[in-house]
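# Geometric and topological summary
Listed below, chain by chain, are the residues.
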Amino acid sequence: MHIERPGYLEKLISRRENGFIKVITGIRRCGKSYLLFNIFHDYLNSSGVEDKYIIELALDEVGNAKYRDPLELDRFIREQIVEKDHTYYVFLDEIQKVAEIQNPHVDIKDARIGFVDVLLGLMKIRNVDLYVTGSNSRMLSSDILTEFKDRGDEVRLSPLSFSEFSSAFGGERRDAWREYHMYGGMPVVLAKKTHEDKSQYLKDLFAKTYLSDVIERYRILNDKEVLEELLNIISSSIGSLTNPSKLSNSFKSIKSFNIAAATISTYLDYFVDAFMIRKSYRYDIKGKKYIDTPLKYYFSDIGLRNARLNFRQQEESHIMENIIYNELMTRAFDVDVGIVAYNFKNKEGKSQRSQLEVDFVANKGSRRYYIQSCLSVAEEEKRRQETDSLYRITDSFKKVIVIKDDIIPWHDDRGVLYVGIEQFLLEESAIDL
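Residues numbered from 1 in each chain as written. Predicted model: local features only at pLDDT ≥ 70, side-chain atom pairs only at ≥ 80, totals over all residues. Heavy atoms only, no water.

### A look at the pattern of salt bridges
Threshold: What counts as a salt bridge is simple: a side-chain nitrogen of Lys or Arg found within 4 Å of a carboxyl oxygen of Asp or Glu. The numbering of helices and of strands both runs from the N terminus, where a helix is a DSSP run of H or I of at least 4 residues and a strand a run of E of at least 2. Burial classes follow relative accessibility: with a 1.4 Å probe on protein chains only, a residue under 20% of its type's maximum area counts as buried, one over 50% as exposed, and anything between as partly exposed.
The full count for this structure, using the stated rule, is 30 salt bridges. One salt bridge connects Asp273 with Arg217, and the closest N-O pair in it is separated by 3.7 Å. With Asp273 in helix α11 (residues 261-273) and Arg217 in helix α8 (residues 195-218), this residue pair connects regions lying 56 residues apart in the sequence. Looking at Asp273, the relative accessible area reads 13%, which means it is buried.

### Comments concerning empty space enclosed by the protein
The test is simple: Within this scheme a cavity is a closed region of a 1 Å grid, computed over the protein atoms alone, that accommodates a 1.4 Å probe without allowing it to escape, whereas a pocket is open but has protein on both sides within 12 Å along at least five of seven lines; lining residues each have an atom within 4 Å of a point. Grid points are joined across faces, edges and corners, and a volume is the space filled by probe spheres set on the points.
Applying the stated criterion to the full structure yields two cavities of 30 Å³ or more. In this structure, the largest cavity occupies an estimated 130 Å³ of space. Residue lining of the largest cavity: 15 residues in total, with Leu160, Ser161, Tyr180, Ser300 and Asn326 positioned closest to the centre. No other element matches helix α13 (residues 316-330), which puts four residues into the lining of the largest cavity.

### Looking at the nonpolar core
Note the threshold: We call a set of buried residues a nonpolar core when its members are Ala, Val, Leu, Ile, Met, Phe, Trp, Tyr or Cys and they connect through side-chain atoms within 4.5 Å of each other. We call two residues in contact when some of their heavy atoms are within 4.5 Å.
Residues Leu73, Leu92, Met186 and Met276 are the most contacted members of the largest nonpolar core, which totals 117 residues. Looking at which element gives the most residues to this core, the answer is α8, with eight residues. Ignoring sequence-local partners within four residues, the contact set of Leu73 consists of Leu57, Leu59, Tyr67, Leu92, Ile95, Val98 and Val118. Grouped together as the second largest cluster of nonpolar side chains are 14 residues, Val340, Val361, Tyr370 and Ile403 included.

### Examining the sheet that holds strand β2 (residues 54-58)
As a reminder of what qualifies: Note on pairing: two strands pair once DSSP finds at least 2 bridges between them. Axis lines are fitted to C-alpha atoms, over the contacting stretch for helices. Their N-to-C directions set the angle, which ranges from 0 to 180 degrees.
As summarised here, the arrangement of the five strands in space is β2-β3-β6-β1-β7, forming an open sheet in which the pairing is parallel. A single partner strand is all that each edge strand has here, and the edge strands are β2 and β7 (152-157). Across the sheet, the mean angle from the axis of one strand to that of its neighbour is 15 degrees, orientation sign disregarded. By the bridge criterion, six bridges tie strand β1 (residues 21-26) to β7 in an arrangement that is parallel.

Here is the structure:
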């Protein structure tokens, strides 16, 4: 099944021959290899690059096992570069498979070489343009630029957006939304036919891939049960404010575990590093400052979240909020949870201070959007609840309410835009109507 990913292709095109190592990262099984070996390869062919100038190596294949030796890998690639007046495009998939070995040319104890040394060396060849993908225990997000010093250019790949999913779905748009809402955007899910197959695939990704990667990297086998339960709690509370202290209390009440808040904070950061979840901080819109805690966590793929809970908790409002958050991240916005503080007088005439929430404050350069996610505003009371915080924001940036219904976009008399979820997800320009 061919799936177009035009946004990511454009990112690779814009970085072509820029002098950096292009490092494609993202949660495992989200399509990194396909993006490089199929989509970008086809683009290069269409732009006149012959296959003999594209050097590809999938290091997770048994037939290529010998190239996991850094010296063999370096030798193999250099042997392919035979013409100095042509650019060679080098694609290395699962680069973390390359072993770290003792440098045979240096008589110093513990002088070791690995894939970083190979890549930095290849960068010195003027007619080489280098692309790598990586995942699991040695290629998690916080390591990328550290590993490659100042020579890495990261392209972060997410699971399929709804637009990408719909383009390959092949059915009615409403059916596509129901499937995406339930099973998310991991590419292989599109090829699965039954609920059982889709469910088992997503559950196996957690058990056999994501958790094992985290456990392997941080050597925390004895706390596997804690990691499992922490994922369950986060899965149940997407879209809700929380912090490590609250989660520590949850462990005490649910499992009678005494897990320190600092430990929980560390484990959550591990999940973020592995691209399983993302965190969004609160931002005081009027005070123009960040509030460290509590904050919100969202899953990078809603299908993974749903599978984690055996598809039991299907709260449409929280799922839709998670999908909107992921879409904004895919569109390269910086996304925060907004807080609007205001003063009022209570029934006794005393001054009090309260806070209202804006689901998302989305920033990109000089652009900003205040966005609410809501299933429906058909009831006047519900519409008033959703607009109360937006109306209290006095700047001129765009204010948007995304609802589940398929509607013709409209503005109220205070300038707030109302748009349906599918149009919002399928048309990037819909946010500016």
